[in-house]
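Overview (structure and organization)
Letter by letter, the chains look like this.
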Amino acid sequence: HPARLPEAVRADFPILSARFDGNPLVYLDNAATTHKPRAVLDAIVDYYSTVNGNVGRGHYALSRAAADRYDRAREAVRRAIGAAHADEIVFCRGTTDAVNLVAGTFGRRVVGRGDQVVVTGMEHNSNLLPWRRLCEEAGAELVVVPVGAHGRVSREDFSAAFGPRVRLAAVAHVSNVLGTVNPVRALAGVAHRNGVPIVVDGAQAVPHRPVDVRELDADFYCFSGHKVYGPMGVGVLYGRRDLLADTAPYQVGGGTVKGVTRTGPVRYLPAPGRFEAGTPNIEGAVGLAAALRYLHGLGWDAVRRHDRALVRYAVAALGEIDRVRVVGDPGADPSGIVSFVVDGVHPYDVGGHLDAHGVAVRGGVHCAADLLDDLGLLGTVRMSFAVYNSEDEVDLVAGALRTVRPGTWTRERPTARFL
Ligand code: PMP
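Residues numbered from 1 in each chain as written. Predicted model: local features only at pLDDT ≥ 70, side-chain atom pairs only at ≥ 80, totals over all residues. Heavy atoms only, no water.

As named in an unreviewed UniProt entry, the chain is cysteine desulfurase, taken from Actinomadura miaoliensis. Listed in UniProt under the heading Cofactor (unreviewed entry), the comment for the chain reads: "pyridoxal 5'-phosphate". (UniProt positions renumbered as here; feature names shortened; annotations may be inferred.)

Put into structure tokens, the structure is as follows:
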């Protein structure tokens with residue numbers, strides 16, 4: 001039986017029964033981070049209460065038990081994203097860390113002077129700055145594919161960016177600003193026909209749609225635990241086995257080596273060990289595995305249906321308010337995000353007004369300043385949904401927007417932007 005959302009899940013999230021200034025939490029900033037269900041909190045408490053130990057170091061039962069939990073978490077992630085092998089799953093700190101890892105290891109190996117790296121015009125700073133820095137250091141050039149109509153990157157525009165100097169491509173799966181979905185499989189096809197591997201930033205996709213890295217034909221796929229109901233400080237880099245195998249370690253230290261002497265050669269472990277220096281975040285991996293289990297337990301049918309219903313409800317509700325404009329085309333293939341502007345009112349003032357009504361949203365450029373420039377906007381206000389959000393909460397936003405007025409930001413710093 002598919003879960004009835006959001007009713008079936010609200011009680012699973014302890015923070016939703018807390019009061020803030022006497023009001024219930026109306027939280028519509030799930031693209032920034034999601035709340036955690038009790039199943040995740042319990043998994044972490046259980047881990048520390050029954051298993052806590054370090055991995056790969058102790059010849060005793062507790063260490064083996066911790067290693068077993070860590071291995072099982074890796075296997076749960078592998079299964080969740082359809083990877084072929086568990087050793088293609090590298091645990092890291094989050095999407096930002098995962099992209100930096102690829103850029104700093106694989107990227108450094110394949111990108112040299114005079115080469116090009118292709119990105120899109122909708123990238124989050126976390127999937128832009130690591131490539132920009134790599135290009136600066138290597139003497140390479142960053143090529144930016146424009147975002148087309150409806151806020152997506154078309155296969156044609158993407159294809160036009162490819163010439164003989166391109167060595168790598170990096171694209172967002174789902175835009176964190178617009179909630180629009182790029183045709184990743186088609187883009188991967190373009191990259192591969194040009195002999196180029198593709199890195200996908202899946203931070204906003206994994207919470208909202210079933211992701212299968214093999215079906216997408218992604219060479220690298222990155223996401224964060226905390227945006228998919230898991231803990232902060234843990235994330236995933238998926239990398240194709242053959243690509244990881246030829247790649248130098250990221251950080252080096254304990255846990256990365258097979259053998260080392262003071263002056264002799266260093267023999268590094270194969271993936272994933274060579275990319276996970278130091279004591280791993282076992283708690284995070286265990287919590288993330290519990291989160292993925294929780295989400296999959298709801299069923300993608302239920303999650304997708306709820307997502308679609310809420311996004312379309314929000315687009316319709318906003319469409320009825322004077323001066324409010326939805327940006328992009330979030331209703332086409334809903335991914336839990338609706339961005340909008342209120343004509344004549346600075347996004348920060350809109351955010352402040354909604355905050356005064358007890359609603360948490362994000363206003364600004366959402367770490368994607370160039371996209372906002374391209375759209376000719378100072379910023380947007382972004383509602384982003386999770387499985388526990390309801391149409392009543394959207395009504396609260398729509399009601400509040402009817403009374404929004406220019407505030408101090410609009411009056412005093414009308415053209416100021418924030419990140
Ligand atoms: N990419 C996208 C599309 C995002 O939305 C985010 C988070 N806002 C990131 C990357 C960075 O994720 P994290 O901060 O968890 O590393």
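1. Re the pairing of strand β8 (residues 198-201)
In β8, alternate side chains face the same way, and those of Ile198 and Val200 on one face and Val199 and Asp201 on the other are all buried. Across four bridges, strand β7 (residues 166-172) lies against β8 in parallel orientation. In the strand pairing of β8, alanine 170 is matched with valine 199. Assessed by its sense of winding, the connection that carries the chain from β7 through helix α7 (residues 184-193) to β8 is right-handed. In this structure, β8 lies alongside strand β9 (residues 220-224), joined through three bridges in parallel fashion. In the strand pairing of β9, valine 200 is matched with tyrosine 221. (Buried < 20%, exposed > 50% of the residue type's maximum accessible area, 1.4 Å probe, protein only. Helix = DSSP H or I, 4+ residues; strand = E, 2+ residues; numbered from the N terminus. Pairing = 2+ DSSP bridges. Right-handed = clockwise from strand over helix to strand, strands pointing away.)

2. Topic: the pattern of salt bridges
Evaluated as defined, the whole model comprises 20 salt bridges. The shortest N-O distance in the salt bridge between arginine 72 and aspartate 68 comes to 2.8 Å. Linking arginine 72 with aspartate 68, this pair stays in helix α3 (residues 61-81), spanning four residues, or about one helical turn. On the basis of relative accessibility, which here comes to 34%, the residue aspartate 68 falls in the partly exposed class. Through salt bridges that share partners, Glu75, Arg78 and Arg79 make up one connected network. (Salt bridge = Lys/Arg side-chain N within 4 Å of Asp/Glu carboxyl O.)

3. Comments concerning unusual backbone geometry
Of note, the bond from leucine 5 into proline 6 is cis; its omega dihedral lies within 30 degrees of zero at 0°. Structurally, proline 6 is set in the segment before α1 (7-10). Put simply, alanine 271 and proline 272 share a cis peptide bond, and its omega is 0°. Within the secondary structure, proline 272 sits in the loop between β12 (267-268) and α10 (282-298). In this structure, arginine 323 takes a positive phi of about 75° despite not being glycine. Note that arginine 323 resides in the loop between α11 (300-319) and β13 (324-327).

4. Digging into the sheet that holds β7
Taken together, seven strands build an open sheet; the order of strands is β4-β10-β9-β8-β7-β5-β6 and the sheet is mixed. Edge positions in the sheet fall to β4 (89-92) and β6 (141-145), since each has one partner strand and no second. With strand direction ignored, the average angle separating the axes of adjacent strands in the sheet is 20°. Here helix α4 (residues 95-110) sits on the sheet and contacts β4, β7, β8, β9 and β10 (235-239); the angle it forms with β9, its principal contact strand, is near 155°. Packed onto the sheet, helix α5 (residues 129-138) meets β5 (116-120), β6, β7 and β8 and runs at close to 145° relative to β6. (Axes fitted to C-alpha atoms, helices over the stretch in contact; angles between N-to-C directions. Contact = heavy atoms within 4.5 Å.)

5. Side note on the site of the ligand
Surrounding the ligand, one finds Thr95, Thr96, His124, Ser126, Asn176, Asp201, Ala203, Gln204, Ser224, His226 and Lys227. Contact between the ligand and threonine 96: an oxygen atom at 2.5 Å from a side-chain N or O atom of the residue. In the environment of the ligand, an oxygen atom lies 2.7 Å from a nitrogen or oxygen atom belonging to the side chain of histidine 226. With the chains in place, 85% of the 400 Å² that the ligand exposes on its own is no longer accessible. Here the residues of the shell around the ligand sort into one nonpolar, eight polar and two charged. (Near = heavy atom within 4 Å. Polar contact = N/O pair within 3.5 Å; in protein donor to acceptor, adjacent residues only side chain to side chain. Areas by Shrake-Rupley, 256 points an atom, 1.4 Å probe, with all protein chains shown as cover. Nonpolar A, V, L, I, M, F, W, Y, C, P; charged D, E, K, R; others polar.)

6. Digging into α5
Every α-helix winds through 3.6 residues per turn, so residues three or four apart in the chain are directed the same way. Burial in α5 covers these residues: Pro130, Trp131, Leu134, Cys135 and Ala138. Projected down its long axis, α5 shows its buried positions confined to an angular sector of 135°, all on one face. Of the exposed residues in α5, those oriented more than 90 degrees away from the buried face are Glu136 and Glu137. The elements touched by buried residues of α5 are α4, β5, β6, β7 and β8. Where α5 ends, the next residue or the one after it, glycine 139, has phi of about 75°, a positive value. (Arc of directions from axis to C-beta.)

7. Quick word on the environment of valine 90
Looking at where valine 90 falls in the secondary structure, it is placed in strand β4. Put simply, valine 90 and arginine 323 are 233 residues apart on the chain and 46 Å apart in space, counted from C-alpha to C-alpha. When near neighbours in sequence (up to four residues on either side) are disregarded, valine 90 contacts Arg74, Leu101, Gly235, Val236, Leu237, Leu244, Pro272, Phe275 and Glu276.

8. Structural notes on the nonpolar core
Membership of the largest hydrophobic core comes to 85 residues, with the highest contact counts inside it found for Phe158, Phe162, Tyr221 and Val387. Counting residues per element, this core draws most heavily on α10, which supplies 11 residues. In this structure, tyrosine 221 is in contact with His173, Val200, Gly202, Ala205, Val206, Val211, Val213, Leu216, Val236, Leu237 and Tyr238, ignoring residues within four places of it in sequence. By size, the runner-up hydrophobic cluster in this structure holds 27 residues, among which are Cys92, Val99, Leu244 and Ala271. (Core = buried A, V, L, I, M, F, W, Y, C linked by side-chain atoms within 4.5 Å.)

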